[in-house]
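# Understanding the architecture of this molecule
Here is how the chains run, residue by residue.
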Amino acid sequence: SSVPRAGRCLCKRLGGSSAQRCPQMPRCQDAHPEFCAKVTWSHLAWDLIWTPILVLSFLMFLVMPVAHELWIRNGKSRLVRMARHLFGTTESEHQVEYPLVIISVFVTEMALSLWFASQWVWRSYVHETSESARHLDQVLCIFFLITYVINASRSQFNWTYALQPTALITLFTVVPTFLRPAMDSSDWFSFSYLRIANAVHAYEKLENTGALRDTSEMKRGYAITLLRTLVLVVVLSGTVFSLEVLGDPDVFRDNHVTTEMGDVS
């Protein structure tokens with residue numbers, strides 16, 4: 001008899017001192033090489049993690065400080081005044097001169113973020129991305145980049161904006177969409193499910209504008225509860241799924257040591 005232990009157990013025969021490792025579940029890369037062969041840390045780490053980190057560093061240490069200085073120095077210029085009238089700031093969402101513009105931006109961001117996350121769910125089942133779907137992703141990501149700039153301007157291009165969770169999600173979902181090689185067998189795998197968190201943030205910003213003041217508090221409560229529940233379910237399941245498919249990084253893999261009692265890890 002054997003007692004499993006999270007796929008890396010130690011099976012010990014009763015009445016004996018020898019031990020053997022329990023058979024592990026096959027990895028996705030071994031069971032389905034047709035679509036999982038390249039879904040590994042070594043193949044995707046540069047596209048999904050390190051490149052966005054490099055872009056983030058470039059924005060934080062070069063682009064944002066320069067943009068912030070120019071924004072403050074030219075606070076009375078026509079461009080800056082127009083941007084404040086259209087988009088407001090994080091402290092004056094109720095004082096925009098044309099609220100319909102920023103309301104449209106938040107609603108569109110919420111809808112497209114939900115669509116982006118739903119496409120991730122679909123691709124996790126079909127394990128492929130068509131050429132047209134890839135081009136559509138890039139079109140949507142252009143809009144996400146525009147909203148990134150708009151939200152950064154609302155924060156006066158303060159470098160701390162780049163470290164906000166929603167800004168990080170945008171970088172880690174948008175940058176790979178443009179830079180990953182086309183028609184790669186691993187192009188169905190991504191971290192796009194994280195965009196659903198930005199949908200909730202867009203809804204909260206929409207509420208702060210006062211656009212929903214005529215909607216009952218109960219209905220708004222139902223809406224935000226539904227969105228937060230979706231975020232909880234999708235982010236948790238998506239993270240577990242991603243880690244299961246990718247497998248353990250090399251630095252976390254077990255190294256078995258042979259002893260008189262058998263192999264232990």
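Owing to the predicted nature of the structure, the values given are computational and were not obtained by experimental measurement. (Residues numbered from 1 in each chain as written. Predicted model: local features only at pLDDT ≥ 70, side-chain atom pairs only at ≥ 80, totals over all residues. Heavy atoms only, no water.)

## Focus: the nonpolar core
General note: in soluble globular proteins, nonpolar side chains tend to be found buried as a group. Within the largest apolar cluster, 47 residues are counted, with the highest numbers of intra-cluster contacts made by Val39, Ile102, Tyr148, Trp188, Phe189 and Val245. Residue assignment for this core shows that the elements contributing at least two residues are helix 2 (33-36), helix 3 (41-73), helix 4 (78-87), helix 5 (99-126), helix 6 (131-154), helix 7 (165-179), helix 8 (195-208) and helix 9 (217-246). Contacts of Trp188, omitting those with residues within four sequence positions, involve Phe35, Cys36, Val39, Arg123, Ser124, His127, Glu128, Thr129, Phe241 and Val245. (Core = buried A, V, L, I, M, F, W, Y, C linked by side-chain atoms within 4.5 Å. Buried < 20%, exposed > 50% of the residue type's maximum accessible area, 1.4 Å probe, protein only. Helix = DSSP H or I, 4+ residues; strand = E, 2+ residues; numbered from the N terminus. Contact = heavy atoms within 4.5 Å.)

## A word on the packing of helix 5 against helix 9
Running from N to C, helix 5 and helix 9 point in directions that differ by 35°, and their axes come no closer than 12 Å. In terms of crossing hand, the pair formed by helix 5 and helix 9 is left-handed. Across the interface between the two elements, Met110, Leu114, Trp120 and Ser124 from helix 5 touch Leu227, Gly238, Phe241 and Ser242 from helix 9. Taken together, the residues of the contact of helix 5 with helix 9 break down into five nonpolar, three polar and no charged. (Axes fitted to C-alpha atoms, helices over the stretch in contact; angles between N-to-C directions. Left-handed = near helix turned anticlockwise from the far one by under 90°. Nonpolar A, V, L, I, M, F, W, Y, C, P; charged D, E, K, R; others polar.)

## Topic: helix 3
Between its first and last C-alpha, helix 3 extends 44 Å over 33 residues, near the 48 Å set by a 1.5 Å rise per residue. At Leu59, helix 3 shows its largest bend, some 40°. Three or more residues of helix 3 are buried, namely Leu44, Ala45, Asp47, Leu48, Thr51, Pro52, Leu56, Leu59, Met60, Met64 and Trp71. Buried residues along helix 3 sit against helix 4, helix 6, helix 7 and helix 9. (Expected span 1.5 Å × (residues − 1). Bend = angle between axes of the 7 residues up to and from the residue.)

By themselves, these observations are geometric and do not establish any function.
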